[in-house]
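For reference, the chains in residue letters:
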Amino acid sequence: MIVIDFETTGLSPAYGDRATEIAAVRVEDGRIVDRYQSLMNPQRSIPSFITQLTGITNAMVRKAPPAAQVMAEVADFVGDQPLVAHNASFDSKFWDSELNRIGRCRQQPFVCSMLIARRVLPQAPSYKLGVLVDFAGLPRAARAHRALADAEMAAELICHLQRELMQRFQLAQVSHDLLQAIQRRPKSQLDACVRRLIAAQCAAA
DNA sequence: TGCCAGGCCCTCTTTAGGGCCTT
């Protein structure tokens, strides 16, 4: 699976916001095995408070490759692998919007590491990416709010959540399909839901 | 330049409201 993270000019592509940076990390067997990262030219200005948050300036993206070129490259890097993002409702909007601009569309589903964390780590003090990484004792990336650092932290988090589920339910692996199936189930039904899904998979095998 | 969203989830709820999370 591939974990992605966007930096953008704002919160909503429907209101004209564009991506300024994307990172994608490939995860296999619980570890990061490959990375893609690039700034991109959004063809609009970045608000100052976004620059304060991310460190990405108008001068940086002015020199960056066009969004169309970057999105074509990252879409090829991702291929048909299933996707993960932290608060995926945000990244999926920009992924779909930027892909549509180059005449491509997403085929695969997203899993949201925030929704999974809410179910697997109900005792966490908050579900911000950095807080969850600290709470789980995972390595903290050097520069938060840059795409590659955040994608790597989200990748470490989803691997941790998979390990937690493997341990809790004595599983050899936790697939993207299983994560997708449980991410919107009520917390109170998590145990019963996972056991039912595992039984169904065993019966089908 | 600064504004813009929207789905999830809890509760003093369900004929609703508001905080969280992403940039």
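Scoring rules and cut-offs
- Residues numbered from 1 in each chain as written.
- Chains lettered and ligands numbered in written order.
- Predicted model: local features only at pLDDT ≥ 70, side-chain atom pairs only at ≥ 80, totals over all residues.
- Heavy atoms only, no water.
- Phe/Tyr/Trp six-rings, centres within 6.5 Å; stacked < 30°, edge-to-face > 60°.
- Helix = DSSP H or I, 4+ residues; strand = E, 2+ residues; numbered from the N terminus.
- Buried < 20%, exposed > 50% of the residue type's maximum accessible area, 1.4 Å probe, protein only.
- Lys NZ or Arg CZ within 6 Å of the ring centre and 35° of its normal.
- Axes fitted to C-alpha atoms, helices over the stretch in contact; angles between N-to-C directions.
- Left-handed = near helix turned anticlockwise from the far one by under 90°.
- Contact = heavy atoms within 4.5 Å.
- Nonpolar A, V, L, I, M, F, W, Y, C, P; charged D, E, K, R; others polar.
- Salt bridge = Lys/Arg side-chain N within 4 Å of Asp/Glu carboxyl O.
- UniProt positions renumbered as here; feature names shortened; annotations may be inferred.
- Expected span 1.5 Å × (residues − 1).

### Focus: the packing of aromatic side chains
Within the structure shown, the criterion is met by 4 aromatic pairs. Their ring planes at 45° and their centres at 6.2 Å tell us that F6 and F94 sit as a pair that is tilted. Placement of F6 in strand β1 (residues 2-8) and of F94 in helix α4 (residues 88-101) is noted, with a sequence separation of 88 residues between them. Under the relative-accessibility criterion, F6 is labelled buried at 3%. Here Y36 and F77 contribute two aromatic rings whose centre-to-centre distance is 6.1 Å and whose plane-to-plane angle is 40°, an arrangement assigned as tilted. With Y36 in strand β3 (residues 31-39) and F77 in helix α3 (residues 67-78), the pair connects residues that are 41 residues apart, well separated along the chain. Linked through ring pairs, F6, F90, F94 and W95 together constitute an aromatic cluster. Its guanidinium or amino end placed over the ring of F77, R26 lies 4.5 Å from that ring's centre, counting from NZ or CZ.

### Observations regarding the packing of helix α5 (residues 113-120) against helix α7 (residues 147-169)
With their axes 10 Å apart at the nearest point, α5 and α7 run at an angle of 35° to one another. Between α5 and α7 lies a crossing of left-handed hand. When α5 is examined against α7, the residues S113, I116, A117, R119 and V120 are found in contact with a partner set consisting of L157, I158, L161, E164, L165 and R168. Its residues assigned to classes, the contact of α5 with α7 comprises 7 nonpolar, 1 polar and 3 charged.

### Description of the pattern of salt bridges
In this structure the tally under the stated criterion is 7 salt bridges. The residue R146 makes a salt bridge to E21 at a minimum N-O spacing of 2.8 Å. In this pair, R146 is assigned in the loop between α6 (129-135) and α7 and E21 in strand β2 (residues 19-28), connecting sequence segments 125 residues apart. Its salt-bridge partner being D134, residue R140 comes within 2.7 Å of it at the nearest N-O pair. R140 sits in the partly exposed class, given a relative accessible area of 44%.

### Remarks on the UniProt feature "domain: Exonuclease" (unreviewed entry) in chain A
When the UniProt feature table is mapped to this numbering, "domain: Exonuclease" (unreviewed entry) covers residues 1-167. The span residues 1-167 shows a helical share of 44% and a strand share of 19%, and its end C-alpha atoms are spaced 20 Å apart.

### Some thoughts on α7
An α-helical segment advances 3.6 residues per turn. Residues three or four places apart therefore align on the same side. Compared with the 33 Å implied by 1.5 Å per residue over 23 residues, the 33 Å span of α7 between its first and last C-alpha is a close match. Once α7 ends, the next one or two residues include Q170, with phi positive near 50°.

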